Amino acid sequence: MTTVVLADDEALLRKALASLLPLEGDITILAEAFDGNDAVRATLTHRPDVLVIDLEMPGLDGLGAVAQIRQELPDQVVLMLTRHARPGILRSALKLGVQGFASKAAEPQHIASIVAALHAGRRWIDQDVSAAAIMDDSPLTDREVDVLRETGEGYSAVEIAGRLHLAPGTVRNYLSSAMQKTQTQTRHGAARYAREHDWL
């Protein structure tokens, strides 16, 4: 039996997976979470074999939730679901130690099989996700991606410095470099450009 916490802000999809996954495999849903903060609470409370979490949620997104969970449960097994297989996101997820990455469009049977594989200690990246990573043509460094993601969330340079444990001057340097590479005038313009080109 594999225990799962399921986190997705789309209630219809979350309820469907909660109903279908136990039918497709030896899976028990311990809890459902509706956003990133709820996912952190549910995972720390229930300590599932596998956390199945949506990447894109309002407020604290999937990556932010996993980063918080990792602080207390460094070995938590995570399957991340996404509609958009952006190379930068895949890199960030892998750096966080996410073991599985799958499309939200996948059949419940496929997701159940990935959950079983992850619980058995394997890793899984769906083919469409890995194909996007191979075709990555982003000129941005990982740190430039990090600061632009935080910029896109609305944080100031000083706040980003605190969140990423960097000096404010270092953050400004990364932002300046990213603005040059994207040929934009502002950090928000750079973040928007990078997102439009699937670099975040």
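This text goes with the structure placed above it.
Within every chain, residues take consecutive numbers counted from 1 along the sequence as written. Per-residue local features are limited, in this predicted model, to residues with pLDDT of at least 70; the limit for side-chain atom pairs, both in listing and counting, is 80 or more; totals at the level of whole chains, interfaces and linings are taken over all residues. In computing side-chain values, all of the structure's heavy atoms are included and hydrogens and water are not.

## As for the nonpolar core
Argument step 1. Residues grouped as a nonpolar core are buried Ala, Val, Leu, Ile, Met, Phe, Trp, Tyr and Cys residues, joined through side-chain atoms within 4.5 Å. Working definition: with a 1.4 Å probe on protein chains only, accessible area under 20% of the residue-type maximum means buried, over 50% means exposed, and in between means partly exposed. The biggest cluster of nonpolar side chains holds 25 residues, and the ones touching the most others in it are Ile53, Met80 and Phe101.
Argument step 2. Runs of E in the DSSP output that reach at least two residues are strands. Runs of H or I that reach at least four are helices, and both are numbered from the N terminus. Mapped by element, the contributors of at least two residues to this core are strand 1 (2-7), strand 2 (27-33), helix 2 (36-46), strand 3 (50-54), helix 3 (62-72), strand 4 (77-82) and helix 4 (87-95).
Argument step 3. It is helix 3 that contributes the most residues to this core, 4 residues altogether.
Argument step 4. Throughout, a contact is declared for two residues whenever any of their heavy atoms are within 4.5 Å. With residues up to four places along the chain from it excluded, the contact list for Phe101 reads Leu79, Met80, Thr82, Ile89, Leu90, Ala93, Trp124, Ile125, Asp126 and Val129.
Argument step 5. Of all hydrophobic cores here, the second largest spans 18 residues; its members include Val4, Leu6, Val52 and Val77.

## Focus on helix 1 (residues 11-24)
Argument step 1. In a helix, the anticipated span is given by 1.5 Å times the number of residues less one. Here helix 1 is 14 residues long and its end C-alpha atoms lie 20 Å apart, about the 20 Å a rise of 1.5 Å per residue gives.
Argument step 2. Along helix 1, the positions that sit buried rather than exposed are Arg14, Leu17, Ala18 and Leu21.
Argument step 3. Looking at the buried side of helix 1, the elements it contacts are strand 1, strand 2, strand 4 and helix 5 (108-119).

## Considerations on helix 8 (residues 157-164)
Argument step 1. All buried positions along helix 8 are accounted for by Ala157, Ile160, Ala161 and Leu164. Each buried residue of helix 8 lies within a common arc of 105° when the element is viewed along its axis, so the set occupies one face.
Argument step 2. Looking at the buried side of helix 8, the elements it contacts are helix 7 (142-152), helix 9 (168-182) and helix 10 (187-196).
Argument step 3. Within two residues after helix 8, His165 carries a phi angle of roughly 60°, on the positive side. The directions from the helix axis to the C-beta atoms form the arc being described.

## Some points on the pairing of strand 2
Argument step 1. Pairing analysis gives 6 bridges linking strand 1 to strand 2, with the strands arranged parallel. Bridging across to strand 2, Thr3 finds its partner in Thr28.
Argument step 2. Convention used here: a crossover is right-handed provided that the path from the first strand, over the helix, to the second strand proceeds clockwise when the strands point away from the viewer. Crossover handedness for the path strand 1 to helix 1 to strand 2: right-handed. Each pair of strands is called paired provided DSSP finds at least two bridges between the two strands.

## Description of the packing of helix 7 against helix 8
Argument step 1. Inter-axis angles, ranging from 0 to 180 degrees, are taken between N-to-C directions of lines fitted to C-alpha atoms, where helices are fitted over the stretch in contact. One way to put it is that helix 7 packs onto helix 8 with a least axis distance of 10 Å and a crossing angle of 125°. Classified by the angle their axes make, helix 7 and helix 8 are oblique. Considering how the two elements wind past one another, helix 7 and helix 8 form a crossing that is right-handed. Where helix 7 approaches helix 8, its residues Arg143, Asp146, Val147, Glu150 and Thr151 are matched on the opposing element by Ile160, Arg163 and Leu164.
Argument step 2. Residues were grouped as follows: Ala, Val, Leu, Ile, Met, Phe, Trp, Tyr, Cys and Pro as nonpolar; Asp, Glu, Lys and Arg as charged; and all remaining residues, including Gly, as polar. Its residues placed into classes, the contact of helix 7 with helix 8 shows 3 nonpolar, 1 polar and 4 charged. Orientation labels follow simple angle bins: below 35 degrees gives roughly parallel, above 145 gives roughly antiparallel, 65 to 115 gives roughly perpendicular, and whatever is left gives oblique. Take the far helix as your reference; a near helix turned counterclockwise from it by less than a right angle gives a left-handed crossing, and one turned clockwise gives a right-handed crossing.

## Let's talk about the environment of Thr28
Argument step 1. Tracing the backbone shows Thr28 in strand 2.
Argument step 2. Considering only alpha carbons, one finds Thr28 and Arg70, 42 residues apart in sequence, at a separation of 22 Å.
Argument step 3. In contact with Thr28, not counting residues within four places along its chain, are Met1, Thr2, Thr3 and Val4.

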